[in-house]
Amino acid sequence: MKATARAHPIQGIVKYHGLRDEERRLPYHDSISVCTAPSATVTTVAFEADRGEDAYVVDCEDVSGRGAERIRAVVDAVRERAGIDDAVRLVSENSFPTNVGLGSSSSGFAAAAMALVAAADLDLSRPEVSTIARLGSTSAARSVTGGFSILRAGLNDDDCRSRRIEGEGARDLEADLRVVVGLVPAYKETESAHAEAADSPMFEARLAHVHGQLAEGLDAIRAGDFDRTFELAEHDSLSLAATTMTGPAGWVYWQPETLAIFEVVRDLRDSGVPVYFSTDTGATVYVNTTAEHAARVEDAIAGLGVETSVWGVGGPAEVLAADEALF
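In this text the structure is predicted, and so the values were computed from the model without any measurement.

Basis of the calculations
Residues numbered from 1 in each chain as written. Predicted model: local features only at pLDDT ≥ 70, side-chain atom pairs only at ≥ 80, totals over all residues. Heavy atoms only, no water. Helix = DSSP H or I, 4+ residues; strand = E, 2+ residues; numbered from the N terminus. Contact = heavy atoms within 4.5 Å. Phe/Tyr/Trp six-rings, centres within 6.5 Å; stacked < 30°, edge-to-face > 60°. Buried < 20%, exposed > 50% of the residue type's maximum accessible area, 1.4 Å probe, protein only. Pairing = 2+ DSSP bridges. Disulfide = S-S within 2.5 Å. Salt bridge = Lys/Arg side-chain N within 4 Å of Asp/Glu carboxyl O. Core = buried A, V, L, I, M, F, W, Y, C linked by side-chain atoms within 4.5 Å. Patch = residues over 30% accessible without salt bridge, like charges linked within 9 Å, V, L, I, M, F, W, Y side chains within 5 Å. Areas by Shrake-Rupley, 256 points an atom, 1.4 Å probe, with all protein chains shown as cover. Lys, Arg positive; Asp, Glu negative; His and termini not counted. Charge placed at Lys NZ, Arg CZ, Asp CG, Glu CD. 1 Å grid on protein atoms, 1.4 Å probe; cavity = no way out; pocket = protein on both sides within 12 Å on 5 of 7 lines; lining within 4 Å. Points joined across faces, edges and corners; volume = space filled by probe spheres on them. Nonpolar A, V, L, I, M, F, W, Y, C, P; charged D, E, K, R; others polar.

Asks: Break down the environment of A294 for me, citing the residues and quoting the values.
Replies: Tracing the backbone through its elements, the reader meets A294 in helix α10 (residues 294-302). Residues A294 and L326 lie 32 residues apart in sequence; the distance between their C-alpha atoms is 34 Å. Residues contacting A294, with those up to four places away along its chain left out, are R178, V180, T289 and V310.

Okay, structure coming up:
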């Protein structure tokens, strides 16, 4: 009972913030994202009857404490569905930097859920798998379904699950999107920010306008409208930051390099380049542009002395062949 899976991390377009139910990780509102590639997490899991207790290793380091609790929530959900009592060995590797605002928890828990479901021989659709991945990270639900996806808010697994946004416009947008990553390696803490989200005086204001943002985002993606989609992502990044910065802990994720990237993006846009910045909870910046302009945009961001890479759009989480296992 062993399987390996790969999942791609997400960039938030209309980001969720705060949890209505922290144990089941149910968000206050819907959220939209796009998976990025070739960035990926690969995870191998095995149910082992002769193992005394679970063992989790991520990027060659044993996971304990809160990290292990979050993995165990996903593992236990699969064990319960499958009627399995065996301990689990889980080994996971990321192809990109973690804890810098690039969505590593989304791909990590999506790959874990996909591998666990396969190893347990459960026949589940990706939206169903997304409800299991969500127990580790709410964003992981959208990593399971891939591409442009929407996670609906709800109070149960039938409602709170992810679905891919389909259609010709969405496919065209996926083909043309290039994400220039401006890496700003400042460690960030996301879970604590979510825990205090509702205590921000800006939170109710965010809830008041986010539903309009969601409707606009869905329409723009289905129409294949690059400018509308990523102008929205840029504005939503500012709204998210306003909420996190005004919570009790006053989380300020951005660094001087982050702001410098924002200014370069605005200068490029003023010169006619279709380009928009976006951040999740972190200092690293996603710079969204089209294939035609990716090289020029990357040169401009790299000119700040910031490490860059160019990514495209990633598909759904998938089970890999046995010979790609990590152990």
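Asks: Explain the packing of aromatic side chains to me, using residue names and the numbers behind them.
Replies: Inspection of the entire model under this criterion finds eight aromatic pairs. Centroid distance F96 to W311: 6.3 Å. Interplanar angle 80°. Geometry classified as edge-to-face. Taken together, the residues F96 in the loop between β9 (87-94) and α2 (104-119) and W311 in strand β15 (residues 307-313) connect sequence positions 215 residues apart. In this structure W311 comes out as buried when scored by relative accessible area, which is 8%. Ring plane angle 40° and centroid distance 5.0 Å describe the contact between F226 and F230, whose orientation is recorded as tilted. Here F230 and F226 lie together in helix α8 (residues 226-245), a separation of four residues that amounts to about one turn.

Asks: Can you tell me about the pairing of strand β7 (residues 55-58), naming the residues and giving the values?
Replies: As defined by bridge partners, β7 adjoins β9 across four bridges and the pair is classed as parallel. Opposite V57, over in β9, you have V91 as the bridge partner. In the sheet, β7 pairs with strand β8 (residues 61-62) via two bridges, with the strands oriented antiparallel. Bridge assignment links V58 to a residue of β8, and that residue is E61. Counting the residues between successive antiparallel strands, the hairpin from β7 to β8 contains two residues, one of them, D59, with a positive phi of roughly 50°.

Asks: Requested: an account of the state of the cysteines, with residues and values cited.
Replies: Tallying each qualifying case throughout the model produces zero disulfides. As a non-bridged cysteine, C35 has C160 as the owner of its nearest cysteine sulfur, 16 Å distant.

Asks: Describe the pattern of salt bridges, listing the residues and the values that go with them.
Replies: Considering all chains together, one arrives at 17 salt bridges under this definition. Among the ionic pairs, R6 bridges to E318, the shortest N-O distance being 2.6 Å. Here the residue R6 occupies a position in strand β1 (residues 2-7), and E318 occupies one in strand β16 (residues 318-319), the gap between them amounting to 312 residues. Its relative accessible area of 24% is what places R6 among the partly exposed residues. Note that R79 and D54 form a salt bridge whose closest N and O atoms lie 2.9 Å from each other. With R79 in helix α1 (residues 65-82) and D54 in the loop between β6 (41-48) and β7, this residue pair connects regions lying 25 residues apart in the sequence. Accessibility expressed as a relative area gives 19% for D54, which makes it buried. In the salt-bridge network here, residues are joined through shared partners; they are E216, D219, D225 and R228.

Asks: I'd love a proper account of the sheet that holds β9, names of residues and values included.
Replies: With mixed pairing, the six strands of this open sheet are ordered in space as β8-β7-β9-β6-β1-β16. Strands with a single pairing partner mark the edges of an open sheet, and in this sheet they are β8 and β16.

Asks: Could you give an account of the nonpolar core, naming the residues involved and the relevant values?
Replies: The biggest cluster of nonpolar side chains holds 33 residues, and the ones touching the most others in it are F47, V74, V78, L90, L116 and I132. Elements supplying a minimum of two residues to this core: β1, β6, α1, β9, α2, α3 (126-133) and α4 (140-145). Among the elements that line this core, the one with the most residues is α2, at 10 residues. Counting residues in hydrophobic clusters, the runner-up holds 27 residues, among them V14, I32, L102 and L214.

Asks: With reference to specific residues and values, describe a negative patch on the surface.
Replies: The grouping of D59, E61, D62 and E93 at the surface amounts to a negative patch. A relative accessible area of 39% means that E93 is categorised as partly exposed.

Asks: Give a description of empty space enclosed by the protein that names residues and reports values.
Replies: Applying the stated criterion to the full structure yields two cavities of 30 Å³ or more. Together, 13 residues line the largest cavity, and A241, T244, Y253, W254 and D280 are the ones closest to its centre. The class makeup of the residues in the lining of the largest cavity is seven nonpolar, five polar and one charged. What lines the second largest cavity is simply H17, A193, E196, A197, S200, T243, T244, G247 and W251. In terms of residue class, the lining of the second largest cavity is built from three nonpolar, five polar and one charged.

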